[in-house]
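Reading the structure
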Amino acid sequence: MDYALNDDERMLVDALEQLAEKYGQAPSQHVGPWYDGTPLRQELIANGFLRIAREEGFGPLQAALVVDVIARQTAVAEVAASALIVPQLFAEDIEGPIALIDASDGCWDKPVRFLSVARHALIDLGDDVVLLPLQPADVEVIDAFVAYPTGRLTRGDLGGGRRLGADAVEILRQWWRVALAVEMSATMLAALDKTVAYLKERHAFGRPIGSFQSVQHRLAVCAQQAHSARWLALRAADTRDPADAAIALAYAQEAGNTLYWDTHQFTGAIGLTFEYPLHYWTLRLRVMQSDFGGALATAATAAEMVCGL
Amino acid sequence: MKFQWSQQQDEFRSEVRATIYSLLPPSWATISTGGVGSTAQLEFSREFCSRLSQHGLLVPHWPVEFGGRAMSPWEQFILAEELCAAGEPRGLQYMNVNYIGPTIMAYGTPEQRAYHLELIRQGRTLWCQGYSEPDAGSDLAALRTKATRTATGYVINGNKVWTSGAQCADYCILLARTGEGKNNICVFLVPMKISGVTVRDIDGMIPGGGFHEVFFDNVEVPESARLGAEGQAWEIVRYSLQFERIGVPHYAKNGVVLDKIVKELQANGRWRDPLVRARAGRALAANAAARALTYQVIALRVQGLPPTADVNVARIATIAAQKATTEFIGEIAPQYLANGISEIEGLYRHAISTPIAAGATEVQLDIVAQSFLKLPRVK
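Residues numbered from 1 in each chain as written. Chains lettered and ligands numbered in written order. Predicted model: local features only at pLDDT ≥ 70, side-chain atom pairs only at ≥ 80, totals over all residues.

**Structural notes on the overall build of chain B**
For clarity, the threshold we go by: Strands here mean DSSP runs of E at least two residues long; helices mean DSSP runs of H or I at least four residues long; both are numbered from the N terminus. It is over C-alpha atoms that the radius of gyration is taken, and the globule rule equals 2.2 Å times the number of residues to the power 0.38. Neighbour counting defines burial: a residue surrounded by 20 or more other C-beta atoms within 10 Å of its own C-beta is buried, one with 12 or fewer is exposed, and intermediate counts give partly exposed, using backbone-placed C-beta atoms. By the convention adopted here, residues make contact when the C-beta atoms placed from their backbones lie within 7 Å.
Across its full length, chain B holds 12 helices and eight strands. The C-alpha radius of gyration computed for chain B amounts to 21 Å, which stays within 12% of the reference 21 Å derived for 379 residues, consistent with globular compactness. Each principal axis of the C-alpha atoms in chain B carries an extent, and together these give about 70 × 50 × 45 Å. Here chain B holds 379 residues, and the buried ones make up 52% of them. In chain B, of all internal contacts separated by at least 6 residues, the share reaching a separation of at least 24 is 72%.

Right, dumping it as structure tokens:
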């Protein structure tokens, strides 16, 4: 048991942060719900970060650290599916960005994050998983009010897709949960940092807003929940236990609800504008908290996995 | 980073678990129904801790010079988890080994160390904590109990309240003031079975006679009963609270109780209800979070870093886990609260004190906001 980064992990995180500083920040004049992180993603690929789980001595925990750093940036890029999920399902690299589609209800024409820019879709059919190469004509771009490039699959069938078999379903779901949990916790921590910084500067009634106890207490709870979510997510990446993955996502989705409301509450009206960069993270949280049916459904799944049915 | 136990740590856990269960009598379920502060459990702890000591498992994390095995804080917590899951047969002696002993190590005189640490190490002595007063709970600086200087020591007058384990305690780690203000408070190691000390039971929400009022009427103690220097109490208390706030891994006992309830829900078919499972999942996740943050504190301790507000963050998570667990019991399995005394009812009744003990939740939140998030203090 060791919660500290080892030397290799420290080097990894330092390198990622340097890269993110150069390519991961939306310029201050940018106004919009999301900022395209394609250049950041290309740099991550060029430097081998998205296939780090395949490197000698590394694995999903280090891939989770990649997601942990990149998801805190204002630029948004598909990283989690490529870095965390693909190595668990495929021996070979799969060209990304990769969109994840839950079609276990038989419906795959729903809005999906990253689908408008994706090269492949990984589709959960409930009893099988399909890897579908995508052509531009397969996807309708959706101008959704979320902080991701979003699209909808327009194909009526999944012909040309590669079927991975029933055994792949639970593997996909486990790592999808880990990926979400890591991305959500990193997003929460970034939103919290931004909010705390604002509340130290902004005054109301003659004193910093962050000095009011009613504000402090709620932010302290947010901090506890966001940090809990991060440790649970990293733990799930390391233990490779499906139950840990479900627990981590259940916790993150529940915490995300609190943090979304409180960070916007405390940043007030400026936080509701695109002039203030809080939405880059909170609008991502809103999307991720609905995956797998949301916090309540994920909690039920977690209980099944821990205790059995 | 590594979030899994080593083989050696797994083996240590197995050894600990086997030893605990070999030392528990068939009547343990009855003895433990009142909880850690009950008379039955406290008296049992003298025998249990003595035998645990003989197995080298009472203070394995203490330095060798004080009779320990110099094991790491991880082993200390593996031990604590297993004992907590078993119903904490150490009773309140967990305080002795977690923070009263280490505080004496840090601030005691050679004589105090030699005397008290040896007694604690043997597992035969019971302590209570004389901090709270009728007008000083989380606001410890408001305490009124007085220690007046005499030619040979001090005379103590005042009263303490909500004192767990006072009915059986041999010693009290007591706060009393020698003057006005926060900087004129002293810590005393006071024998409880001496003239002028009176203990009164207070009945209430906590089972097993957990609360007491302790009166000190002209209690004479020698100067050698003072721990540290005059006016050093604040530093000593802060030191000891860092250990106390995460000292009880409640999540371990919660896990046992949740497992027991779920098994019954599975047997009677209610587990098929996804809402029931969702409530269980929330409780399980809250406990997993408490464990994760507690481990974060242990990890810092293992690195030899000084205590930080991470302790308070972990405490908030522990409180949330207690709340989630008892909400699950109360809403999904209320029958356990109406069947007479049981370990589930005991947990439920004790849990309500978690947000108050070791500094109220609001104090923890203040510390997290100001020391962890660095939000501004109000002047």
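**Brief notes about the overall build of chain A**
When its secondary structure is counted, chain A shows nine helices and 11 strands. What you see for chain A is a C-alpha radius of gyration of 19 Å, in line with the 19 Å of a compact globule of 309 residues. Projecting the C-alpha coordinates of chain A onto the three principal axes gives extents of approximately 65 × 45 × 40 Å. A buried classification covers 53% of the 309 residues belonging to chain A. Residue pairs in contact within chain A that sit at least 24 positions apart in sequence constitute 69% of those at least 6 positions apart.

**Things to note about the interface of chain A and chain B**
To keep things clear, this is the line we draw: Under the scheme applied, nonpolar residues are Ala, Val, Leu, Ile, Met, Phe, Trp, Tyr, Cys and Pro; charged residues are Asp, Glu, Lys and Arg; polar residues are all the others, including Gly.
On the side of chain B, 37 residues touch chain A, which itself brings 41 residues to the contact. Of all elements in the fold, only α5 (167-201), α6 (213-239), α7 (242-267) and α9 (294-307) of chain A reach the threshold of two or more residues within the side of chain A that touches chain B. Per-class residue counts for the side of chain A that touches chain B are 25 nonpolar, nine polar and seven charged.

**Let's talk about the environment of A40(B)**
For A40(B), the position within the fold is in helix α3 (residues 39-54). Contacts of A40(B), omitting those with residues within four sequence positions, involve I31(B) and G34(B).

**Section: the sheet that holds strand β6 (residues 129-133) of chain A**
All names here are of chain A. Under the convention used in this document: Two strands form a pair only when DSSP identifies at least two bridges running between them. Every axis corresponds to a line fitted to the C-alpha atoms, with the helix fit spanning only the stretch in contact, and the corresponding angles, defined between N-to-C directions, vary from 0 to 180 degrees.
With respect to topology, four strands assemble into an open sheet ordered β3-β5-β6-β9, the strand pairing being mixed. Edge strands, defined here as strands with exactly one partner in the open sheet, are β3 (98-102) and β9 (162-163). Bridge analysis of β6 against β9 gives two bridges, and the strand direction is antiparallel. Of the residues in β9, the one forming a bridge with L131 is R162. Strands in contact with helix α4 (residues 80-89) are β3 and β5 (120-124); relative to β3, the strand with the most contacts, it is inclined by about 70 degrees. Against the sheet, α5 makes contact with β3, β5 and β6, and its axis sits at roughly 110 degrees relative to β5, the strand it touches most.

**Observations regarding the nonpolar core**
Basically, it comes down to this: To count as a nonpolar core, a set of buried Ala, Val, Leu, Ile, Met, Phe, Trp, Tyr and Cys residues must be joined through C-beta atoms within 7 Å.
Counting 225 residues, the largest nonpolar core has V67(A), V178(A), A181(A), L232(A), A233(A) and F188(B) as the members making the most contacts within it. Broken down by element, the residue count for this core peaks at 17 residues, all from α5(A). Those residues in contact with V67(A) that lie beyond four places of it in its chain are V79(A), A80(A), A83(A), L84(A), A179(A), V182(A), E183(A) and A186(A).

**Describing helix α8 (residues 250-268) of chain B**
In plain terms, the rule: A helix's residues, less one, multiplied by 1.5 Å, set its expected span.
Spanning 19 residues, α8(B) covers 27 Å between terminal C-alpha atoms, matching the ideal 27 Å at 1.5 Å per step. Looking only at α8(B), the buried set comprises H250(B), Y251(B), A252(B), K253(B), N254(B), G255(B), V257(B), L258(B), I261(B), V262(B) and L265(B). In this structure, the buried side of α8(B) is in contact with α9 of chain A together with α4 (73-85), α9 (274-302), α10 (310-332) and α11 (343-351) of chain B.

**Section: the packing of helix α1 (residues 7-23) of chain B against α4(B)**
Residue and element names in this part refer to chain B. This is how it is decided: Left-handed describes a crossing whose near helix is turned anticlockwise from the far helix by less than a right angle; the clockwise case is right-handed.
Across the interface, α1 lies against α4 with an axial gap of 10 Å and an inter-helix angle of 35 degrees. Crossing of α1 over α4 shows right-handed handedness. Here Q9, F12, R13, V16, R17 and I20 of α1 lie close against α4, whose contacting residues are W74, E75, I78, L79, E82 and L83. Each residue belonging to the contact of α1 with α4 can be placed in one class, and the counts come to seven nonpolar, one polar and four charged.

**As for unusual backbone geometry**
The residue after G96(A), namely P97(A), is reached through a cis peptide bond having omega 0 degrees. Along the chain, P97(A) turns up in the loop between α4 and β3. We note that F114(A) has phi near 70 degrees; this positive angle belongs to a residue other than glycine. F114(A) gets classed as buried once you count the C-beta atoms within 10 Å, which come to 22. The backbone phi angle of W162(B) is positive, close to 60 degrees, even though this residue is not glycine. Residue position: W162(B) is located in the loop between β3 (153-161) and β4 (171-177). Judged by the 22 C-beta atoms lying within 10 Å of it, W162(B) falls in the buried class.

**Observations regarding α3(B)**
Residues and elements named next belong to chain B. Test applied: Across the chain, bend at a residue is computed as the angle between axes fitted to the seven residues ending at that point and the seven starting from it.
With 16 residues, α3 should cover 22 Å at 1.5 Å per step; its first-to-last C-alpha distance of 23 Å lies within 8% of that length. Remark: the principal bend of α3, roughly 35 degrees, maps to S45. When we look at burial in α3, the residues that qualify are Q41, L42, F44, S45, F48, C49 and L52. Once α3 finishes, G56 follows within two positions and takes phi at roughly 70 degrees, a positive value.

**Examining the sheet that holds strand β8 (residues 150-153) of chain A**
Residue and element names in this part refer to chain A. What the three strands build is an open sheet, ordered β4-β8-β7; its pairing is antiparallel. Looking at the sheet topology across the chains shown, the edges are occupied by β4 (111-113) and β7 (139-142). Averaged over all neighbouring strand pairs, the angle between strand axes comes to 40 degrees, with direction disregarded. With three bridges joining them, β4 and β8 adopt antiparallel strand pairing. By the bridge assignment for β8, R113 is matched with T150.

**Regarding the environment of A295(A)**
All names here are of chain A. Note on placement: A295 falls in helix α9. A295 sits 202 residues away from D93 along the chain, and the two C-alpha atoms are 32 Å apart. Each residue touching A295, except ones within four places of it in the same chain, is listed here: A250, Q253, E254, N257 and Q289.

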